[in-house]
Amino acid sequence: MKEYNITVVKTNNPNILKFETNHFLTKGKNYEFKNIDDAKNSPLAQQLFYLPFIKTVYVSGNFIGLERFDIVEWEDVKDEVAQQLVEYLNSGEPVVLEEAATQKVAVTVYAEVTPNPAVMKFVANKAIVPTAFEFKNIDEAKNSELAKQLFHFPFVKEIFIDLNYISVSKYDMAAWDDITLELREFIRDYLADGKEVVSEAAVPQASEVKNIPAPETVELDDTSQQIVDILEEYVKPAVASDGGNILFKSYESDSKTVNVILQGACSGCPSSTFTLKNGIETMLKNMMGDKVNSVVALNG
């Protein structure tokens, strides 16, 4: 039987906490429960609503999101809630009673150009993965059936999947005008069938890029943590809107150099160097003063 662990993660909304698990909880679907009657198909959510401060329960991918009423502060109850979730999950009881997918899922997908002319971003109207995944070839895509099938298109070079979008990198042999519609319809039909985008086995891969630990899994010095916070709050949203991702790798205190990793549409993008030097580097210098001299990027 699986053994579950819980990591408590803050969100931009002080009333909502995410309780992330080390295993997937749903089969690619997202659930929101407003009250105990609404949660009739989720024994876990029903149990959580017996806590008087729980306002809303979200279940998606590998996390449970909880919104509280103002009668308590999360600092006073989060450990108790985490322990209750661990005990419930390890008891083997169901999280959500998911019905067999016998009908199409209502989903729309649109194509969006990116600053990288070799990459097109396909955006869904729903979350499809809990975190970012990058696949450079079909061998790396063994835990993603969607990515594997996309690699069967001869013009697909690399794939990056994050939250509600898929960035596809193509070979020069094909023009986007000729292949965009075909790719969009394929991705839409795949998602509409309710199929799994990534398997549970892919989760550890998401926190490792070329064997580099994710910042949240290692002890960071104060300067590195400041850099991570700035990247998360100011840089990542803009990069994600372009179909890419940026990850903190390291900070070299002697040279005051910040090393980052670019993924998705940002990886190999002709304009990424300009963006790095005139955007990210300038921002870090302005916000951190003489602690930062330069930013160096690696392609994911």
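Here the structure is a predicted model, which is why all the values come from computation and not from measurement.

Caption draft 1: The arrangement of the packing of aromatic side chains in detail. Scanning the model with the defined rule gives 6 aromatic pairs in all. Ring plane angle 35° and centroid distance 5.5 Å describe the contact between Phe 153 and Phe 155, whose orientation is recorded as tilted. The two residues Phe 153 and Phe 155 agree in class, both being buried. Relative to Tyr 165, the ring of Phe 160 lies with its centre 6.3 Å away and its plane at 45°, an arrangement referred to as tilted. When its relative accessible area of 1% is taken as the criterion, Phe 160 is described as buried.

Caption draft 2: How the structure looks around the sheet that holds strand β6 (residues 109-113). Reading across the sheet, the 5 strands line up as β6-β7-β10-β9-β8 and stay open at both edges, with antiparallel pairing between neighbours. Of all strands in the sheet, those with a lone pairing partner are β6 and β8 (133-135), marking the two edges. Taken over all neighbouring pairs, the strand axes of this sheet differ in orientation by 20° on average, direction set aside. Relative to strand β9 (residues 156-162), β8 runs antiparallel, the two sharing 3 bridges. Following the sheet pairing, Glu 134 is matched in β9 by Phe 160.

Caption draft 3: Structural context of the confidence of the model for the protein. When pLDDT is averaged along the protein, the result is 83; 84% of the residues meet or exceed 70. Within the protein, strand β11 (residues 208-209) has the poorest average pLDDT of any element, 42, and helix α2 (residues 74-90) the best, 95. Below pLDDT 50 for its whole length, residues 205-217 participates in 21 contacts with residues either more than four positions away or in separate chains.

Caption draft 4: Representation of α2 within the structure. Compared with an ideal rise of 1.5 Å per residue, which puts 17 residues at 24 Å, α2 spans 23 Å between its outermost C-alpha atoms and is within 8% of the ideal. Within the span of α2, buried status applies to Trp 74, Val 77, Lys 78, Val 81, Ala 82, Gln 84, Leu 85, Val 86, Tyr 88 and Leu 89. Contacts from the buried residues of α2 go to β1 (6-10), β2 (16-21), α1 (43-48), β4 (54-60) and β5 (63-68). Gly 92, located one to two residues past α2, shows a positive phi value of around 85°.

Reading the values: rules and limits
Sequence order as written defines residue numbering, which begins from 1 separately in each chain. Side-chain atom pairs in this predicted model are given and counted only at pLDDT of 80 or more, local residue features only at pLDDT of at least 70, and totals for whole chains, interfaces and linings cover all residues. The basis for every side-chain value is the complete set of non-hydrogen atoms in the structure, without hydrogens or water. For Phe, Tyr and Trp, rings pair up if their centres lie within 6.5 Å, where Trp contributes its six-membered ring, and each pair is then called stacked (planes under 30 degrees apart), edge-to-face (over 60) or tilted (otherwise). For the exposure calls, accessible area comes from a 1.4 Å probe over protein chains only, and a residue counts as buried if that area is under 20% of its type's maximum, exposed if over 50%, partly exposed in between. For two strands to be treated as a pair, DSSP must find at least two bridges joining them. Secondary structure elements are taken from DSSP: a helix is a run of H or I of four residues or more, a strand is a run of E of two residues or more, and numbering for both begins at the N terminus. To define axes, lines are fitted to C-alpha atoms, for helices over the stretch in contact only, and angles between the resulting N-to-C directions are given on a 0 to 180 degree scale. Values of pLDDT, the confidence the predictor places in each residue, fall between 0 and 100. Pairs of residues are marked as contacts when any of their non-hydrogen atoms sit within 4.5 Å. A helix is expected to span 1.5 Å multiplied by its residue count minus one.

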